[in-house]
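Structural characterization, general
Spelled out from the first residue to the last, the chains are:
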Amino acid sequence: MATIKAAILGFGTVGQGIYHILNEKREELKNKLGIELEVAKILVTDASRERVPGTAHLMTTSMDDVLAEPGMQVVFEAIVNEEPAYSYLKRAVEHKCHVITANKVMFAKRGLELQALAKVNGVFVGYEATTAGGVPVIKTMKNILLVNDVSRIQGILNGTSNYILTKMRAEGCTFEEALKEAQSLGYAEADPYNDISGQDAFKKLMILSALAFDEQPDWADVEVIGIDSISPAQVQEANDKGLRYRHVAEVERLDNGNIVAKVGPQLVDKEHPLYPVDDVNNAVALETNYIGTLTLIGPGAGMYPTASVMVEDYAEIIGKRAGFVVTI
Ligand SMILES: NC(=O)c1ccc[n+]([C@@H]2O[C@H](COP(=O)([O-])OP(=O)(O)OC[C@H]3O[C@@H](n4cnc5c(N)ncnc54)[C@H](OP(=O)(O)O)[C@@H]3O)[C@@H](O)[C@H]2O)c1
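Predicted model only: the values in this text are computed from it and were never measured.

We now examine the overall build of the protein chain. When helices and strands are tallied, the protein chain shows 12 helices and 12 strands. Along the first, second and third principal axes, the C-alpha set of the protein chain runs to 65 × 45 × 35 Å. The buried share among the 328 residues of the protein chain stands at 53%. Considering only contacts within the protein chain whose residues lie at least 6 apart along the sequence, 69% involve residues at least 24 apart. With the model as given, the accessible surface of the protein chain reaches about 14,600 Å², and the carbon-plus-sulfur share is 50%. Charged side chains in the protein chain number 31 positive and 44 negative. The centres of these two groups are separated by 4 Å.

Shown next as structure tokens:
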């Protein structure tokens, strides 16, 4: 059986999730793909700490070490922030490795660049995990875009914000009470700034914009408003009128070709595709010329939804890659 070597960059929540899924699904993936995947390196900042029993010998802090591994062909990236993630993936692509990332901060800014570089080097970039977690929005959009034009995207792209707005409406909580509960359930980070300020949703929206329109609006022109100023009284008043607050990230191409985007709370009525999307769910409504409006709804994030779509990206790459080079 042929073997492909892979590296995991970043071994926190998502990185460990990838490792567990690859182990749990080892036989199944082998049978389905006809190829065995071996995790040969794991890159972290502190290689002395063994996070998962049996992985100490795989740990490294050096990208040189990762790329020096003979037969390295796939790099999963689950580090935080733009750098050194981008530089590592650039090197991996130049080394003819396929790369699969969950890093939305890096990909929102450098994704188009990385994909152009990957094209030149004949490798693939998987980035389903960057946006809307377990909702297969990237692969669905890629398919749709083969025939349709997407004119507008509206999304609930941050599960924490959506959870807070749902709690405020359903239980009459204040923003602070709902946030505390989201944190105690592990939905919100200890520092929830990126979630509630709209910055997290903004990064995901820019990734969708690049995919749908091949470009992004100038980031400085995009108004990004969070949900922290919404009061329980406003939520109640909206509810009484049959309306719901949703934190909507939206981007559209105008008739003059300009791309415009905004992120912020919006009141939606029963007819709106995002009206029924509650709790930590994410959703993306795509307006297209032939299909009409298509709405995808599902779990936004977490270790396994995120890691599993990265492994799906890997399987898709293997499937697509006729004449994939394998070491035996
Ligand atoms: N958690 C989710 O549900 C989720 C969902 C979608 C996307 N994402 C994205 O996935 C990525 C990883 O998220 P996470 O929740 O798994 O983060 P995490 O638990 O904080 O893990 C981050 C990992 O990256 C490593 N790391 C950080 N800086 C590094 C550097 N300069 N060089 C090498 N390794 C470095 C850390 O190493 P040490 O262990 O040595 O500190 C750690 O293992 C992020 O970009 C995040 O936005 C996460």
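Moving on from the coordinates now.
Under the feature "binding site: NADP(+)" (unreviewed entry), the UniProt entry names G10, F11, G12, T13, V14 and G15. Restricting the annotated residues just mentioned to those that line the largest pocket leaves G10, F11, G12, T13, V14 and G15. Along the polypeptide, F11 turns up in the loop between β1 (2–9) and α1 (13–24). Residue F11 is classed as buried on the basis of its relative accessible area of 4%. Residue contacts for F11: discarding those within four places in its chain leaves Q16, Y19, I42, L43, V44, R51, V52, T55 and M59. Tracing the sequence through the fold places G12 in the loop between β1 and α1.

Time to look at empty space enclosed by the protein. Inspection of every chain in the model, using the stated rule, returns 1 cavity of 30 Å³ or more. Space inside the largest cavity adds up to approximately 60 Å³. The set of elements that each furnish at least two residues to the lining of the largest cavity consists of α2 (26–33) and β2 (35–43).

Looking now at the pattern of salt bridges. A side chain of one charge can pair with a side chain of the opposite charge if their charged atoms are brought near each other. Scanning all chains against the criterion turns up 25 salt bridges. For R246, the salt bridge goes to D278, with nearest N and O atoms at 2.9 Å. Here D278 lies in the loop between β10 (259–268) and β11 (281–288) and R246 lies in strand β9 (residues 244–253), a separation of 32 residues in the sequence. Neither residue differs from the other here; R246 and D278 are each classed as buried. Several salt bridges share partner residues, and in doing so they unite E82, E83, K109, R110 and E113 into one network.

Calculation rules
Residues numbered from 1 in each chain as written. Predicted model: local features only at pLDDT ≥ 70, side-chain atom pairs only at ≥ 80, totals over all residues. Heavy atoms only, no water. Helix = DSSP H or I, 4+ residues; strand = E, 2+ residues; numbered from the N terminus. Buried < 20%, exposed > 50% of the residue type's maximum accessible area, 1.4 Å probe, protein only. Contact = heavy atoms within 4.5 Å. Areas by Shrake-Rupley, 256 points an atom, 1.4 Å probe, with all protein chains shown as cover. Lys, Arg positive; Asp, Glu negative; His and termini not counted. Charge placed at Lys NZ, Arg CZ, Asp CG, Glu CD. UniProt positions renumbered as here; feature names shortened; annotations may be inferred. 1 Å grid on protein atoms, 1.4 Å probe; cavity = no way out; pocket = protein on both sides within 12 Å on 5 of 7 lines; lining within 4 Å. Points joined across faces, edges and corners; volume = space filled by probe spheres on them. Salt bridge = Lys/Arg side-chain N within 4 Å of Asp/Glu carboxyl O.

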